[in-house]
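# Summary of structural features
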Amino acid sequence: MTSTTTVPAVALRGGTSIPQLGFGVFQVPDGETAQAVSLALDAGYRSIDTAAVYGNEAGVGAGIAASGLPRDEVFVTSKLWIDSLSREAVRPAYEKSLELLGLDRLDLYLIHWPAPGLGRYVEAWEGLVALQEAGLVGEIGVSNFQPAHLDAIIAATGVTPAVNQVELHPAFAQRALRERHRELGIVTEAWSPLGQGTVLGDPVLGAIADAHGVTPAQVVLRWHLQAGTVAIPKSVTPERIAANLDVLGFEVSAEQVAAIDGLDRTDGR
Ligand code: NDP
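Before going into details, it helps to say that this report is about the structure given with it. (Residues numbered from 1 in each chain as written. Predicted model: local features only at pLDDT ≥ 70, side-chain atom pairs only at ≥ 80, totals over all residues. Heavy atoms only, no water.)

Let us look at the packing of helix α5 (residues 147-157) against helix α6 (residues 175-184). Closest axis-to-axis distance for the α5/α6 pair is 11 Å, and the angle between their directions is 20°. Considering their axes alone, α5 and α6 lie roughly parallel with respect to each other. Where α5 crosses over α6, the handedness of that crossing is right-handed. Of the residues in α6, those touching α5 at P147, L150, D151 and I154 are L177, R180, H181 and L184. Residues belonging to the contact of α5 with α6 are distributed by class as follows: 5 nonpolar, 1 polar and 2 charged. (Axes fitted to C-alpha atoms, helices over the stretch in contact; angles between N-to-C directions. Helix = DSSP H or I, 4+ residues; strand = E, 2+ residues; numbered from the N terminus. Parallel < 35°, antiparallel > 145°, perpendicular 65-115°, else oblique. Left-handed = near helix turned anticlockwise from the far one by under 90°. Contact = heavy atoms within 4.5 Å. Nonpolar A, V, L, I, M, F, W, Y, C, P; charged D, E, K, R; others polar.)

Structure, rendered in structure tokens:
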């Protein structure tokens, strides 16, 4: 296959854009994160996804600093954890993330989970809107929000999130939610885009991979790109880090897309 050229970017509501492929660091210990992020930036990733609760924002910041890349060439996302779901807690939590990352602003800040039982995600969203109004953050969005949660925050503030980051892979395709995002103008970002590796042994993916001379993981990531989804695969394995970005030199056909769509086990949920 041909090697990587430029990763496409998707426009966000706030006027910036996010690379369609980014690098996730969930479950990477802080002490190993700088090395993983360095490998990813060397390989050509220009978007890193972390979260306060991952405990590795310092490692992400160290990896970015070591790269020597200009700040505006790396898109950095972090997330507000549920221990900070109140209007007053948002700004200190954001500033703590910035301090650990060694940055003066994030490109995207997300509410990590709505935790509807706490009943505080709407006021937390008001806190994120205030951050953006104060010019302290590029884009604001949410994660793991269902349509009712989206409706509630939009109704309360008139501000639509730029992104909803949700679990999404061939076995959990989130068709209905993606349709709702399209209606609302929200970009869909896929977490666990490889199903944490569990979908990769599927014979349907194996056959498509063989047809293109690529790996099943590359087929899945290509499927995400062609669907317009932003994907943030995680790996600490150097060859996989590079291979997961090397998906721009082939296309899955409409028939192959349909076969991958057929792996959804959620009946369009
Ligand atoms: P992924 O779907 O990215 O899968 C990661 C797993 O797949 C790892 O075990 C990795 O192994 C393996 N893997 C990676 N590349 C390949 C490959 N080419 N071939 C075979 N196996 C591979 O799962 P994640 O859950 O990590 O999701 C990605 C990111 O999404 C997270 O890192 C995080 O940033 C975000 N996320 C957000 C959540 C949220 O609630 N908002 C929840 C969960 C994740 P190895 O590392 O050993 O190479």
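After that view, the rundown keeps rolling.
Our next topic: the environment of G14. Relative to the elements of secondary structure, G14 occurs in the loop between β1 (9-11) and β2 (17-19). Counting along the chain gives 77 residues from G14 to R91, while the straight-line C-alpha distance between them is 19 Å.

In the vicinity of the ligand there are 28 residues, among which D49, S192, Q196, S235 and T237 approach most closely. V236 is positioned such that a nitrogen or oxygen atom in its backbone is 2.9 Å from an oxygen atom of the ligand. Take T237: an N or O atom from its side chain is 2.6 Å from an oxygen atom of the ligand. A breakdown of the residues in the shell around the ligand according to their chemical character gives 12 nonpolar, 12 polar and 4 charged. (Near = heavy atom within 4 Å. Polar contact = N/O pair within 3.5 Å; in protein donor to acceptor, adjacent residues only side chain to side chain.)

This paragraph deals with the side chain of S84. Structurally, S84 is set in the loop between β5 (75-80) and α3 (87-101). Here D83 takes part through its side chain, which lies 3.0 Å from a polar atom of the side chain of S84. The contact partners of S84, leaving out residues within four places of it in the chain, are A89, V90 and A93.

Considering soluble globular proteins, one finds that nonpolar side chains tend to be buried as a cluster. Ranked by size, the top nonpolar core spans 70 residues in total, and within it F23, L80, L106, Y109 and I111 carry the most contacts. Ignoring sequence-local partners within four residues, the contact set of F23 consists of A36, V37, A40, Y45, S47, I48, D49, I232, P233, S235 and I241. (Core = buried A, V, L, I, M, F, W, Y, C linked by side-chain atoms within 4.5 Å. Buried < 20%, exposed > 50% of the residue type's maximum accessible area, 1.4 Å probe, protein only.)

Bringing helix α9 (residues 238-245) into the picture now. Given 3.6 residues per turn, any residue in an α-helix points the same way as the ones three and four places further on. Within α9 the residues assigned to the buried category are I241, N244 and L245. The buried residues of α9 occupy an angular sector of 95° when projected down its axis, which confines them to one face. In α9, the exposed residues that point more than 90 degrees away from the buried face are E239 and R240. The secondary structure elements touched by the buried residues of α9 are β3 (23-24), α1 (30-43) and α8 (216-227). (Arc of directions from axis to C-beta.)

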